[in-house]
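Close look at the chain arrangement
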Amino acid sequence: MSTHRTVPKTCAALLGAAALLLGQAGTAQATTFSFALMGDQPYTDLLEPATDSLIKTINSDPDVQWILHIGDIKGGAEPCTDELLIRRIDQLRRSEKPLVYVPGDNEWTDCHRESNGNFKSRERLEFLRKQAFTQPATLGKTTFPVRQQTSHPYPEQLMWQHGSTLFVSLNVPGSNNDLENPKSRKTKKTEVQHLLEKRQNAINAWLSDAEKLFANAKATPTETVIAIQGNPIDGSGSPNNNGYNDFMKRLVKYIDNTGRPVLLVHGDTHRYKWDRPNLKQFGGSAATNALFYRAEGWGHPFVNAWVKVTVRPGASSPFNIKSIAETAKPDN
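This section reports on the structure supplied with the text.

Calculation criteria
- Residues numbered from 1 in each chain as written.
- Predicted model: local features only at pLDDT ≥ 70, side-chain atom pairs only at ≥ 80, totals over all residues.
- Heavy atoms only, no water.
- Helix = DSSP H or I, 4+ residues; strand = E, 2+ residues; numbered from the N terminus.
- Buried < 20%, exposed > 50% of the residue type's maximum accessible area, 1.4 Å probe, protein only.
- Contact = heavy atoms within 4.5 Å.
- Areas by Shrake-Rupley, 256 points an atom, 1.4 Å probe, with all protein chains shown as cover.
- Pairing = 2+ DSSP bridges.
- Right-handed = clockwise from strand over helix to strand, strands pointing away.
- Axes fitted to C-alpha atoms, helices over the stretch in contact; angles between N-to-C directions.
- Salt bridge = Lys/Arg side-chain N within 4 Å of Asp/Glu carboxyl O.

This part takes up the overall build of the chain. What the chain contains, in helices and strands, is eight helices and 14 strands. Counting the 332 residues in the chain, one finds 56% classified as buried. At a minimum sequence separation of 6, the contacts of the chain that also span at least 24 residues come to 75%. Summing over all exposed atoms, the chain offers an accessible surface of approximately 13,700 Å²; the carbon and sulfur share of this is 53%.

As structure tokens, this is what we get:
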């Protein structure tokens, strides 16, 4: 587990192992801090300057510690070529502040579409891993170390700590959590289900690792922020075969086991949300609901807005969310 610090990119890999050990000792600070939430952009080449402008605007906010891009760095009809994916990842790397990236369905799950180039989804995910998740550190011109789930391996699933606030990112994409299986995918239904179950097993293990931190009296987190791309509550989940059911049931278990507030942040449906959804359909109780918060960031075509998340560690209601419209102009 790493305690959040901003370090030069060239030092991130060297400090990674040490940071994991330092985090276990505990350096929790009850200091209010903020991070930025953006995602589901850019969806076309013409909108890349707008995303550059938005990142520049966020970087100018002195309160923001880092940016969290919650997936979909390309449009659903854009080709999943090496060149495009590399260019969009490089765009995120140009952020002055650290940037955490969560893979979205558009850049791997849906790449089987004819308009996307008829790629194999798993191959595109492997390519993304080689571009964005080869080092235990964030993207950006400055970085901080993160812990990666390398044991399964799902290196895109990250964990880090800022003071006493725990952050966990998970590969839970749109398109019904990769359970959609149109003819263009050319994959047997049993294989699609197997792939989902394998990824869910990794998610379960990663959340179990996070839960263990709450047993450490010297470094007990005061709240958790969990970041995914797909909208598991009122998004692409199918009523007959909901690909998010197992994830949401595990999330309920995590909330109940830790007994501390949890904020779930996601994208996928492109509309700002800040609410307290009822988790009864996933096995949640009134006690679970009292600890659960949900925020969704803006997405295409609303590419000039972002969400500022402010955390007050240890507070009974630790999360404050604000939607902000960008005022800066793209560079010519």
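Once that is clear, we can look at the pairing of strand β9 (residues 223-227). Among the five residues of β9, five are classified as buried, and the element is accordingly described as predominantly covered. Neither face of β9 is exposed, since E223, V225 and A227 on one face and T224 and I226 on the opposite face are all buried. Pairing between strand β8 (residues 165-169) and β9: five bridges, direction parallel. Bridge pairing in β9 places T165 opposite E223. Relative to strand β10 (residues 262-266), β9 is paired through four bridges, and the arrangement is parallel. Bridge assignment links A227 to a residue of β10, and that residue is V265. Where the polypeptide runs from β9 across helix α7 (residues 245-258) and back to β10, its parallel neighbour, the crossover connection is right-handed.

Time to look at the sheet that holds β8. Taking strand neighbours across the sheet as the criterion, the seven strands line up as β6-β7-β8-β9-β10-β12-β11 in an open arrangement whose pairing is mixed. At either end of the open sheet lies a strand with only one pairing partner, and these are β6 (147-149) and β11 (273-275). Averaged over neighbouring strand pairs, the angle between their axes works out to 20 degrees when direction is ignored. This element, α7, spans β8, β9, β10 and β12 (292-296) of the sheet and lies at about 150 degrees to β10.

The next point concerns the pairing of strand β13 (residues 305-311). Among the seven residues in β13, seven count as buried, and that is most of the element. Because side chains alternate across β13, one face comprises the buried residues A305, V307, V309 and V311, and the other comprises W306, K308 and T310, equally buried. In this sheet, β13 lies alongside strand β2 (residues 33-38) in antiparallel orientation, the contact comprising five bridges. Looking across to β13, one finds that S34 is bridged to T310. Bridging between β13 and strand β14 (residues 319-325) involves seven bridges; their strand directions are antiparallel. Pairing of K308 across the sheet is with K322, part of β14.

Within the structure shown, the criterion is met by 24 salt bridges. Between D45 and R88 there is a salt bridge, and its shortest N-O distance comes to 2.9 Å. Residue D45 is found in the loop between β2 and α2 (48-59), and its partner R88 is found in helix α3 (residues 82-93); the two are separated by 43 residues along the sequence. A relative accessible area of 1% means that R88 is categorised as buried. Look at the salt bridges and you will find they share partners, linking D45, E48, E78, E83, R87 and R88 into a network.

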